[in-house]
Amino acid sequence: MQETLHQEARSDSPYTTKREYQTREVDIGSLKKASGDTVQPRLDGVDHTARPTWKLRETIEFYRDILGLPLVHTISARGWGDPGHPDFLHFFFDAGKGATIAFFYYIGSDLTEKYMPEDHHFYSATHTAWSVPTAEELQCWKTTLEARGLTVSPYTRHEILESIYFRDPNGYPIEITLRLRDVEVIDELDAKLTLEAAIQVEDELRTKGDRLRDIDTVWRRKAKLVEEFIGER
Amino acid sequence: MVVLYVLDVKEFLPIVETARKISDWTVSKSDKGYYRISSPTEIVLNRKAMKMKPAVWYGLFTGGMNGEIAEFGREEVRVIGTNRAL
Ligand SMILES: [Fe+2]
């Protein structure tokens, strides 16, 4: 089956030739919704995340030798696909349960300004979070990483997660996290209402030429939505 | 009047426990997963008294808040009544 699919594949498909789709604005309203479809394909967790690196040796030594994650796969290839693509190495470290963290090393290329590490929340928003099964394991990571010389954040308890954070030699943020409890039906419902409140007030303010400026506005609309919700019989 | 809605999950239960100790405030529980806390005047909560970590504290009113935050510090928050539409 997989072979036939590949024989049908064409290198001149719109995915390859009409590249403007990669950067243009998308009109979500023109797309078909999952809820209105008869099929719903399923996912089964993370296979890998990948980022570029300009520090080959340091990245390998950090993930394999300092963190101790097994290097499980490496691709080394001539540049292919889009024009100007350099030759590259693509390598994968095992992060448990089949998930890997991967890097691209683009041979002969230089780090550009855009990929320089920053001490800013916009930058750290893109991160990898690995899970651990127990509080003991989380503590073990913190003390072990500190003993190995890394700067690790204090424990941070979010609502359903307890996390520690550190950075790799590229400056990429890594999180190790413990699920404190399972998410229940009411969590899903609450998530929906919070975002519904946010979308509503954002739309309304935008219509007035203003913008959403604080979370208080969302919390106040949320109160209205919860009131309506619990008032229903 | 100030009204808070609190989702019935353990992270936010300290708000409910605090509210129950204050005679002026009313606490009711809906069968749909939310507590409703109301105060005729204002609601003042203290982080350390509720043993809350900062990352949860700063999301304190995620369940919904009918009122206006007069002060939101690292240790104490004060919500007052308002006539503004929700
Ligand atoms: Fe995270």
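Residues numbered from 1 in each chain as written. Chains lettered and ligands numbered in written order. Predicted model: local features only at pLDDT ≥ 70, side-chain atom pairs only at ≥ 80, totals over all residues. Heavy atoms only, no water.

Draft legend 1. Structural context of the coordination of the iron ion. All names here are of chain A. Listed as protein donors to the iron ion are His 127 (NE2) and Glu 175 (OE); their distances from the metal cover 2.1 to 2.2 Å. Taken together, the positions of His 127 in the loop between helix H4 (121–124) and strand S5 (128–132) and Glu 175 in strand S8 (residues 173–179) put the pair 48 residues apart, joining distant regions of the chain. Residue classification places Glu 175 among the buried positions, given a relative accessible area of 5%. (Donors = N, O, S within 2.8 Å, 3.2 Å for Na, K, Ca; no water. Helix = DSSP H or I, 4+ residues; strand = E, 2+ residues; numbered from the N terminus. Buried < 20%, exposed > 50% of the residue type's maximum accessible area, 1.4 Å probe, protein only.)

Draft legend 2. Structural view of helix H7 (residues 215–231) of chain A. The end-to-end C-alpha separation of H7 of chain A is 24 Å, in line with the 24 Å expected for 17 residues at 1.5 Å each. The N-capping residue of H7 of chain A, defined by a side-chain oxygen 3.5 Å from the backbone nitrogen of Asp 216 of chain A, is Asp 214 of chain A. (Expected span 1.5 Å × (residues − 1). Polar contact = N/O pair within 3.5 Å; in protein donor to acceptor, adjacent residues only side chain to side chain.)

Draft legend 3. Inspection of the domain arrangement of chain A at higher detail. In terms of domains, chain A is made up of domain 1 (46–109), domain 2 (119–182) and domain 3 (185–230). For domain 1 of chain A versus domain 3 of chain A, the distance between C-alpha centres works out to 41 Å. (Domains from an automatic or database assignment.)

Draft legend 4. Representation of the nonpolar core in the model. Among the nonpolar cores identified, the biggest contains 39 residues, and Ile 15, Ile 37, Leu 45, Leu 60 and Phe 61 of chain B are the most heavily contacted of them. Elements with a minimum of two residues in this core: helix H6 (185–207) and H7 of chain A together with strand S1 (2–7), helix H1 (13–20), strand S3 (34–39), strand S4 (42–46), helix H2 (54–57) and strand S7 (76–80) of chain B. For this core, the leading source of residues is H7 of chain A, giving seven residues. In this structure Ile 37 of chain B touches Val 2, Val 3, Leu 4, Val 6, Ile 15, Val 16, Ala 19, Trp 25, Thr 26, Val 27 and Ile 43 of chain B, once residues within four positions along its chain are discounted. (Core = buried A, V, L, I, M, F, W, Y, C linked by side-chain atoms within 4.5 Å. Contact = heavy atoms within 4.5 Å.)

Draft legend 5. Up close: the interface of chain B and chain A. Taken together, the contacts link 30 residues of chain B with 26 residues of chain A. Interface area lost by chain B to chain A is led by Lys 32, Tyr 34 and Leu 86 of chain B, which between them contribute 27%. There are one salt bridge connecting chain B and chain A. When the shortest N-O distance is used, the salt bridge between Glu 11 of chain B and Arg 181 of chain A registers 2.6 Å. Run the count over chain B and chain A and you get 10 residue pairs in polar contact (both at pLDDT 80 or more). Broken down by secondary-structure element, the contributors of at least two residues to the side of chain B that touches chain A are S1, H2, strand S5 (65–66) and strand S6 (68–72) of chain B. Broken down by class, the residue content of the side of chain B that touches chain A amounts to 14 nonpolar, nine polar and seven charged. (Buried area = accessible area lost by both parts, 1.4 Å probe. Salt bridge = Lys/Arg side-chain N within 4 Å of Asp/Glu carboxyl O. Nonpolar A, V, L, I, M, F, W, Y, C, P; charged D, E, K, R; others polar.)

Draft legend 6. Structural context of the pairing of strand S3 (residues 88–94) of chain A. Residue and element names in this part refer to chain A. Of all seven residues in S3, five are buried; the element is thus mostly enclosed. In this sheet, S3 lies alongside strand S2 (residues 71–77) in antiparallel orientation, the contact comprising six bridges. Within S3, the residue paired with Ser 76 across the bridge is Leu 89. Two elements, S3 and strand S4 (residues 100–106), share seven bridges in a ladder whose sense is antiparallel. (Pairing = 2+ DSSP bridges.)

Draft legend 7. Structural detail: unusual backbone geometry. In the Ramachandran plot, Lys 97 of chain A falls in the positive-phi region, its phi being about 50° despite a non-glycine side chain. Here Lys 97 of chain A shows up in the loop between S3 and S4.

Draft legend 8. Focus on the sheet that holds S8 of chain A. Residue and element names in this part refer to chain A. Spatially, S5-S8-S7-S6 is the arrangement adopted by the four strands of the open sheet, whose pairing is mixed. If you trace the sheet from one side to the other, it starts and ends with S5 and strand S6 (156–157), each paired once. As defined by bridge partners, S6 adjoins strand S7 (residues 161–167) across two bridges and the pair is classed as antiparallel. Within S7, the position partnered with Arg 157 by the bridge is Glu 162. Packed on one face of the sheet, helix H5 (residues 135–147) meets S5, S7 and S8 and runs near 155° to S8. (Axes fitted to C-alpha atoms, helices over the stretch in contact; angles between N-to-C directions.)

Draft legend 9. Layout of the sheet that holds S4 of chain B. Residues and elements named next belong to chain B. The three strands lie next to each other as S4-S7-S6, forming an open sheet whose pairing is antiparallel. Since the sheet does not close on itself, it has two edges, and those belong to S4 and S6, each with one partner. Shown here is a sheet whose adjacent strand axes are inclined to one another by a mean of 15°, direction ignored.

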